[in-house]
Amino acid sequence: MEIEKTNRMNALFEFYSTLLTEKQMNYMEMYYADDFSLGEIAEEYDISRQAVYDNIKRTEKILEEYEKKLHLFSDYIVRGELLESLKKYASETYPKDTTIIKYIEQIQEVEE
């Protein structure tokens, strides 16, 4: 469960980090991406562990709210699945038409 939460927070952070304050971005990046402990972050910023914990929990809720309203991450996942299905369908239905596959792959590259 923790790995799933970490992966989700990292993904949401990628989509919405520019909407966060600098402090929120720093704490989240250190905690989730760089695997710092609450104590290490607290020491770095000369604040209490509780302050770091509260900020991270509040920021997690903010990221989830952004996703609930904007759907950028979930739409990204759905688009990827649809493109894979389309690519499979096109290659099975039109095996000689490499242009369709090429266009689908170009769209997939843009998504990355």
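Source: prediction; values computed, not measured.

1. Focus on a nonpolar patch on the surface
Then, number 1: On the surface, L19, L70 and L72 cluster together to form a nonpolar patch covering roughly 250 Å² of accessible area.
Then, number 2: In this fold, L72 is placed in helix α5 (residues 72-93).

2. What about the domain arrangement of the protein?
Then, number 1: In terms of domain boundaries, the protein breaks down into domain 1 (3-70) and domain 2 (73-109).
Then, number 2: Inter-centroid distance (C-alpha atoms) of domain 1 to domain 2 is 34 Å.
Then, number 3: With 7 residues of domain 1 at the contact, the number on the domain 2 side is 4 residues.
Then, number 4: Approximately 400 Å² of surface area, both sides summed, lies buried where domain 1 meets domain 2, with 62% of it carried by carbon and sulfur atoms.
Then, number 5: At the surface where domain 1 touches domain 2, the tally comes to 0 salt bridges.

Definitions and cut-offs
Residues numbered from 1 in each chain as written. Predicted model: local features only at pLDDT ≥ 70, side-chain atom pairs only at ≥ 80, totals over all residues. Heavy atoms only, no water. Patch = residues over 30% accessible without salt bridge, like charges linked within 9 Å, V, L, I, M, F, W, Y side chains within 5 Å. Areas by Shrake-Rupley, 256 points an atom, 1.4 Å probe, with all protein chains shown as cover. Salt bridge = Lys/Arg side-chain N within 4 Å of Asp/Glu carboxyl O. Helix = DSSP H or I, 4+ residues; strand = E, 2+ residues; numbered from the N terminus. Domains from an automatic or database assignment. Contact = heavy atoms within 4.5 Å. Buried area = accessible area lost by both parts, 1.4 Å probe.

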